[in-house]
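For reference, the chains in residue letters:
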Amino acid sequence: MAIDRKQQIIQAATNSFSLFGYKATTMDQIAKLANVGKGTIYTFYKNKEELFHEIISSLIHEMKVSVERTVSEDSSFYEKVDSALFTLLEFRTEHQLMIKLIQEEKDMGTPAVKEVIQKIENTIVQYVGKIVQKAVEKKEIKPCNPEITAFVILKLYIALIFDWEKVHKPLEKDEISKLFKLYLLNGLSIR
């Protein structure tokens with residue numbers, strides 16, 4: 001019974017954070033949505049932040065599982081990175097909680113939300129960094145700092161997917177993949 005109540009609370013909190021954002025969500029709202037007393041929430045979580053962090057940890061796990069389903073060990077470095085980043089960035093645009101958090105960070109700069117967005121970005125950089133490290137070891141790419149390389153790759157994808165479409169027609173997935181290959185794998189110089 002306790003697990004059911006805890007799941008009810010997590011689901012209600014996820015719904016509330018998705019609808020109202022972190023800052024506007026209250027424990028009273030969560031209790032009402034979960035159909036439990038506010039005291040019941042406090043038997044599982046000491047505050048809103050702790051509940052929020054459990055939801056985010058679950059979200060990050062869900063993102064990792066989603067990527068692992070799409071990335072094949074037999075794929076090339078380019079295919080792994082391309083597949084992983086598209087899966088993760090699509091997750092960001094399709095998952096209601098992520099959409100709301102990104103919007104709240106941009107509009108209000110809520111510290112707890114900024115911290116969570118940074119945690120998610122760090123997780124992506126770590127994941128891509130491991131792909132980069134394996135590619136260096138297999139001599140698929142030149143020796144480089146995996147963390148910095150992963151950071152640059154992520155920022156390039158974010159720029160091409162989100163920033164570009166602020167003032168231009170959105171790029172298709174294939175176009176973005178070709179640009180990634182051009183800028184990072186082949187380079188711009190003519191040899």
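Up top is the structure.
What comes next concerns the included structure. The model shown is predicted, which means the values in this text are computed figures rather than measured ones.

### Comments concerning the packing of helix H5 (residues 77-94) against helix H8 (residues 146-163)
Step number 1: Packing of H5 against H8 brings their axes to within 11 Å, and their N-to-C directions diverge by 50 degrees. Taken together, the axis directions place H5 and H8 in an arrangement best described as oblique. With respect to the hand of their crossing, H5 and H8 are arranged in right-handed fashion. For the pair H5 and H8, the contacting residues are Phe77, Val81, Asp82, Leu85, Phe86, Leu89, Arg92 and Thr93 in the first and Ile153, Leu154, Tyr157, Ile158, Ile161 and Phe162 in the second.
Step number 2: The residue inventory of the contact of H5 with H8, partitioned by class, reads 11 nonpolar, 1 polar and 2 charged.

### Observations regarding the pattern of salt bridges
Step number 1: Applying the stated criterion across every chain yields a total of 4 salt bridges.
Step number 2: The partner of Lys38 in a salt bridge is Asp28, with the nearest N and O atoms 3.3 Å apart. Residue Lys38 is found in helix H3 (residues 38-44), and its partner Asp28 is found in helix H2 (residues 27-34); the two are separated by 10 residues along the sequence.
Step number 3: Notably, a salt bridge pairs Asp163 with Lys166, separated by 3.4 Å at the nearest N-O pair.
Step number 4: According to the relative accessible area criterion, Lys166 is exposed, its value standing at 62%.

### Description of unusual backbone geometry
Step number 1: The backbone phi angle of Asn35 is positive, close to 60 degrees, even though this residue is not glycine.
Step number 2: Within the secondary structure, Asn35 sits in the loop between H2 and H3.
Step number 3: Classification of Asn35 as exposed rests on a relative accessible area of 65%.
Step number 4: Despite not being glycine, Lys139 shows a phi value in the positive range, around 60 degrees.
Step number 5: Judged by its relative accessible area of 70%, Lys139 falls in the exposed class.

What counts as what
- Residues numbered from 1 in each chain as written.
- Predicted model: local features only at pLDDT ≥ 70, side-chain atom pairs only at ≥ 80, totals over all residues.
- Heavy atoms only, no water.
- Axes fitted to C-alpha atoms, helices over the stretch in contact; angles between N-to-C directions.
- Helix = DSSP H or I, 4+ residues; strand = E, 2+ residues; numbered from the N terminus.
- Parallel < 35°, antiparallel > 145°, perpendicular 65-115°, else oblique.
- Left-handed = near helix turned anticlockwise from the far one by under 90°.
- Contact = heavy atoms within 4.5 Å.
- Nonpolar A, V, L, I, M, F, W, Y, C, P; charged D, E, K, R; others polar.
- Salt bridge = Lys/Arg side-chain N within 4 Å of Asp/Glu carboxyl O.
- Buried < 20%, exposed > 50% of the residue type's maximum accessible area, 1.4 Å probe, protein only.

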